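Here's the letter readout for the chains.
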Amino acid sequence: MRALGELSETRYWMYLLLLPSLVMILLVIAYPTLYGMAISFREMRLTRPGLGGWVGFKHYAAMWSDPVFWIALKNTVVWVTAAVVLELALGLLAATALNRDLPGTKIFAVLILLPYFLPNVVAGHMWALLLDPRLGVINDLLVRAGVLQTYKAWFADPNTALAATVLVEAWHGFPFFALLLLAGLKSIPEDLYKAAAVDGAGVSAQLRLITLPMLKTVIAAAVILRVIGLVNSPDLLLILTGGGPGDATQVLSLYAFQTAYKEFNFGYASALSVVMFVILMIFATAYIRLSRITKGDGDD
Amino acid sequence: MIESKRRRRVIANIATYFVLATLSMFCIGPMIWMFLTSLKYEADIVTQTMQYIPRRVTFDNYVAIWTQSGFPRLIANSLVVTFLTVTICVATGTLAAYAFSRFAFRGRTQLMLGYLIVRMFPAVMMIIPLYVVMRGVGLVDSRFGLALAYTSFLLPLFVWMLKGFFDSAPKELESAARIDGSTRLGAMVRIVMPLARNGLVASSVFIAIAAWNEFLFALMLTTGQGSRTWPVGLQLMVGEFQLPWGVLAAGGILSILPVIVLFAIVQRTMVQGLTAGAIKG
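Owing to the predicted nature of the structure, the values given are computational and were not obtained by experimental measurement. (Residues numbered from 1 in each chain as written. Chains lettered and ligands numbered in written order. Predicted model: local features only at pLDDT ≥ 70, side-chain atom pairs only at ≥ 80, totals over all residues. Heavy atoms only, no water.)

Visitor: Which parts of the structure should I look at to understand a nonpolar patch on the surface?
Guide: Residue and element names in this part refer to chain A. On the surface, Leu4, Leu7, Tyr12, Tyr15, Leu16, Leu19 and Val23 cluster together into a nonpolar patch covering about 640 Å² of accessible area. Elements supplying a minimum of two residues to the nonpolar patch: helix H1 (2–7) and helix H2 (13–39). In terms of residues, the nonpolar patch owes the most to one element, H2, which gives four residues. (Patch = residues over 30% accessible without salt bridge, like charges linked within 9 Å, V, L, I, M, F, W, Y side chains within 5 Å. Areas by Shrake-Rupley, 256 points an atom, 1.4 Å probe, with all protein chains shown as cover. Salt bridge = Lys/Arg side-chain N within 4 Å of Asp/Glu carboxyl O. Helix = DSSP H or I, 4+ residues; strand = E, 2+ residues; numbered from the N terminus.)

Visitor: Explain the packing of helix H8 (residues 171–179) of chain B against helix H9 (residues 184–195) of chain B here, please?
Guide: The axes of two packed helices give the description: the angle between them and the distance between them. Residues and elements named next belong to chain B. In contact at an axis separation of 9 Å, H8 and H9 are set at 145° when each is read in the N-to-C sense. Considering how the two elements wind past one another, H8 and H9 form a crossing that is right-handed. Residue-level contacts link Leu173, Glu174, Ala177 and Arg178 of H8 to Arg184, Ala187, Ile191, Val192 and Leu195 of H9. For the contact of H8 with H9, the per-class residue count stands at six nonpolar, no polar and three charged. (Axes fitted to C-alpha atoms, helices over the stretch in contact; angles between N-to-C directions. Left-handed = near helix turned anticlockwise from the far one by under 90°. Contact = heavy atoms within 4.5 Å. Nonpolar A, V, L, I, M, F, W, Y, C, P; charged D, E, K, R; others polar.)

Visitor: In this structure, what is going on with the interface of chain A and chain B? I would like to understand it.
Guide: The parts lose accessible area when they come together, and the size of an interface is often stated as this lost area. Each partner contributes to the interface: chain A provides 95 residues, whereas chain B provides 89 residues. Summed over both sides, the interface between chain A and chain B buries roughly 8400 Å², with carbon and sulfur atoms accounting for 82% of that surface. Seen at the junction of chain A and chain B, the total is 13 residue pairs in polar contact (both at pLDDT 80 or more). Along the lines of polarity and charge, the residues of the side of chain A that touches chain B split into 74 nonpolar, 13 polar and eight charged. (Buried area = accessible area lost by both parts, 1.4 Å probe. Polar contact = N/O pair within 3.5 Å; in protein donor to acceptor, adjacent residues only side chain to side chain.)

Visitor: Honestly, the UniProt feature "transmembrane region" (unreviewed entry) in chain B in this entry has me stumped. Any pointers?
Guide: All names here are of chain B. The UniProt record annotates "transmembrane region" (unreviewed entry) at residues 12–36, 79–100, 112–132, 144–162, 200–223 and 243–266. Between the first and last C-alpha atoms of residues 144–162 the distance is 24 Å; the span itself is 100% helix and 0% strand. Summarising residues 200–223: 83% helix, 0% strand, and an end-to-end C-alpha distance of 33 Å. (UniProt positions renumbered as here; feature names shortened; annotations may be inferred.)

Visitor: Just to check I follow, could you spell out the side chain of Asp235(A) for this structure?
Guide: For Asp235(A), the position within the fold is in helix H11 (residues 235–240). Of the side chains with opposite charge, Arg226(A) lies nearest to the buried Asp235(A), which makes no salt bridge, at 10 Å. A polar contact of 3.4 Å, which involves the side chain of Asp235(A), links it to the side chain of Asn120(A). Discounting chain neighbours no more than four positions away, the residues touching Asp235(A) are Asn120(A), Phe215(B) and Leu216(B). (Buried < 20%, exposed > 50% of the residue type's maximum accessible area, 1.4 Å probe, protein only. Lys, Arg positive; Asp, Glu negative; His and termini not counted.)

Spelled out as structure tokens, the structure:
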């Protein structure tokens, strides 16, 4: 203990503090990542161990002429965009209401945040029960309200499957937006609104001139984090539809996962996930730059 | 004039409560329905006319999932994996978060960004090589191996969240202790850690919930009963046995109970850390 205490007075101390976590991260992230990129240039099928060796860009070329890849790419864009827009809208609504600080809002805040902490497995099955074509309470309510004639198999119909999964994802993910946007709203000084009111700015002008510009950074951060999360995680779709019916809800992450887990074709699956990673990196960089430019202070 | 202003405020308040009540119902309605389903007899779930309030209540579904499906084993595995994950993160992440919060050194910003970028890596991209590596060293289907895998995406989150809490612990007390002859290590353990205790608990709970809920890594890196966690077990039950909805709902309720309790306890602190970490990132 004493020796450690003396060590802590040296100028290497902070590096020693960082060492354990750095070793962990290099071990469980850096090494597997590089290895994964290497696999994408190799043939690796668990079902046929005889195959092996470097194949260069073979997997990437195969992707080009793989119709499922293009469907999955399109679905990913549609699914992520729809989910993020819906979550941002719901989150903004929730944050604005919670920010009014009326009595009881603390309880509402806890109830509204809860879905975010529930596991995908339970969320998926819960909604499968709610939307079930035979026992689903949502079908029952819609029929009673006269919106539907008969119960509908939401996840089995190619026309509604993607929309139904977006609804479940929005339920699961909008609390995250509510949380970040609420924090953003709370950091806007009250004086700004008072000054604007004195200058004669109405509610919509205040929203346009104060709230949205002040929230821009938070919205950008929330959107990026959510897009990354949604593109990377196939959990919910794996549980709800498995990519079906047909390829109606097939997305890139799920396709990569199924290629690895069902067909044990690790090489092709790795190539798919590397492409996904590159697309994400391009998106994140472009998005950060764009949101900085629109801030209008030209510091870039 | 004043009269109309007050009236407008009342209308705005009513609108606010309406929005909050609707959103809350949207959020917890599905959970309430799952709970109600878990208390119903199978015959009352599969009926011609839907029973909104169960006419008779039973706990058979809970007994069934607990005694007939190996659920206790799954829960035990999840507990061990979660405990190991939190231990690794706390042991290594606390030191890193403290270093990031208190010292200026070369490469600090880049390193912190590096910890953040790691979160952008696709899970599938990590899982495949992790599976290959872990099969090589015999860690596939082991609870320790799974905990190590979880560390890959939870440790960076933990460091970022905890750094925020360390940042908000006043530096003056630490300086005072140093003047009184305490070493840097002594000041960290005796002064800063107790100050950041709530943050440490909240960050750990956040990591624990995420590890408890994790599905994809567990699905891929466990192959047998030895290390299978409850999300994987629950998912497999659906396919294998065509489990009745009541039993499945009971399993869901049992599994999210710890999450709800923990979230309710540290909710306020955890939300603080989460927003700080996410927005700064």
